[in-house]
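# Topology and contacts: notes
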Amino acid sequence: EDPRSRQLQKLADFDKFSVQAAAVECYYKPYLARQQRQLAELRRDEALELPRDLDYNTVGSLSLEEQEKLMALRPMSLAHAGRIPGVTPAALFALLRH
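In this report, we go over the structure that sits alongside the text. Remember, it's a predicted structure, so these values are computed and weren't measured experimentally. (Residues numbered from 1 in each chain as written. Predicted model: local features only at pLDDT ≥ 70, side-chain atom pairs only at ≥ 80, totals over all residues. Heavy atoms only, no water.)

### Considerations on the overall build of the protein
Put simply, the rule reads: Under the scheme used here, helices are H or I runs from DSSP no shorter than 4 residues and strands are E runs no shorter than 2 residues, and both carry numbers assigned from the N terminus. Atoms counted for the radius of gyration: C-alpha only. Globule rule: 2.2 Å times the number of residues to the power 0.38. Only protein chains enter the calculation, and the probe is 1.4 Å; a residue is then buried if its accessible area is under 20% of its type maximum, exposed if over 50%, and partly exposed in between. Residues count as neighbours in contact if any of their non-hydrogen atoms are within 4.5 Å of one another.
When its secondary structure is counted, the protein shows 5 helices and 0 strands. Helices and strands in the protein line up, N terminus first, as α-α-α-α-α. Here the protein has a C-alpha radius of gyration of 22 Å; the compact-globule value for 98 residues is 13 Å, and the former is much larger. Principal-axis analysis of the C-alpha atoms gives the protein an extent of 75 × 25 × 20 Å. Split into buried and exposed, the 98 residues of the protein put 23% on the buried side. Considering only residue pairs separated by 6 or more positions, the protein has 55% of its internal contacts joining residues 24 or more positions apart.

In structure tokens form, the structure reads like this:
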């Protein structure tokens, strides 16, 4: 028997859910890896002080809600900004990059 046909038979034996789960994992793997790198970078830079006069309207990728909360509370550091409800990790990364 051809080894390839044995491999195909093994694949056919997997249930549909497992095959779909593996496909989803493969699809999202690069995105999850990028997010892990960004989180590691944020953890390293939590102590970064934010300027008191920072115009949050000029920081790209912030939602209107995030801009309003950051302007109202004027966090002193990236860590402080991260504790504000509604401020996402993506927003923290945008602040870090600004």
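From this point, things continue past the structure.
### Some words on the layout of surface pockets
Selection criterion: Note on definitions: the grid is 1 Å and covers protein atoms alone; a cavity is a set of points where a 1.4 Å probe fits but cannot get out; a pocket is an open set with protein on both sides within 12 Å along at least five of seven lines; lining residues have an atom within 4 Å of a point. Grid points are joined across faces, edges and corners, and a volume is the space filled by probe spheres set on the points. Residues are grouped as follows: Ala, Val, Leu, Ile, Met, Phe, Trp, Tyr, Cys and Pro are nonpolar; Asp, Glu, Lys and Arg are charged; all remaining types, including Gly, are polar.
Considered as a void within the structure, the largest pocket measures approximately 160 Å³ in volume. In terms of lining residues, the largest pocket is bounded by Tyr31, Arg34, Gln35, Gln38, Leu39, Leu42, Pro89, Ala90 and Phe93. The dominant element in the lining of the largest pocket, judged by the number of residues it contributes, is helix α2 (residues 16-44), at 6 residues. Class assignment for the residues of the lining of the largest pocket results in 6 nonpolar, 2 polar and 1 charged.

### Quick word on helix α5 (residues 89-97)
For α5, the set of buried residues is Ala91, Leu92, Phe93, Ala94, Leu95 and Leu96. Those residues of α5 that are buried are in contact with α2, α3 (64-73) and α4 (78-82).

### Focus: the environment of leucine 62
Here leucine 62 is to be found in the loop between α2 and α3. With near-sequence residues (within four places) excluded, leucine 62 lies in contact with Tyr56, Gln67, Leu70, Ala91 and Ala94.

### What about the side chain of glutamate 66?
Worth spelling out the cut-off: Counted as positive: Lys and Arg. Counted as negative: Asp and Glu, with His and the chain ends omitted from the count. Salt bridges are defined as contacts in which a side-chain nitrogen from Lys or Arg sits within 4 Å of a carboxyl oxygen from Asp or Glu.
With respect to the helices, strands and loops of the structure, glutamate 66 is situated in helix α3. Within the buried set, glutamate 66 has no salt-bridge partner at all; the shortest N-O distance to an opposite charge, 8.6 Å, is to lysine 69. Excluding residues that lie within four positions of it along the chain, glutamate 66 makes contacts with Ser61, Gly86, Val87, Thr88 and Ala91.

### Description of the packing of aromatic side chains
Which entries qualify depends on this criterion: When the centres of two rings from Phe, Tyr and Trp lie within 6.5 Å, Trp using its six-membered ring, the rings pair. Their planes under 30 degrees apart give stacked, over 60 give edge-to-face, and anything left gives tilted.
Under the criterion given, the structure shown has 3 aromatic pairs. Both rings, one in tyrosine 27 and one in tyrosine 28, keep their centres 4.8 Å apart while their planes meet at 85°; by these two values the pair is edge-to-face. Residue tyrosine 28 is classed as partly exposed on the basis of its relative accessible area of 44%. Between tyrosine 27 and tyrosine 31, the ring centres sit 6.0 Å apart and the planes meet at 45°, which makes this aromatic pair tilted. Of this pair, tyrosine 27 and tyrosine 31 are both found in helix α2, 4 residues apart, which corresponds to roughly one turn of the helix. Here a set of aromatic residues connected by ring pairs shows up, and it is made of Tyr27, Tyr28 and Tyr31.

Scope: geometric values only; no functional claims are made or implied.
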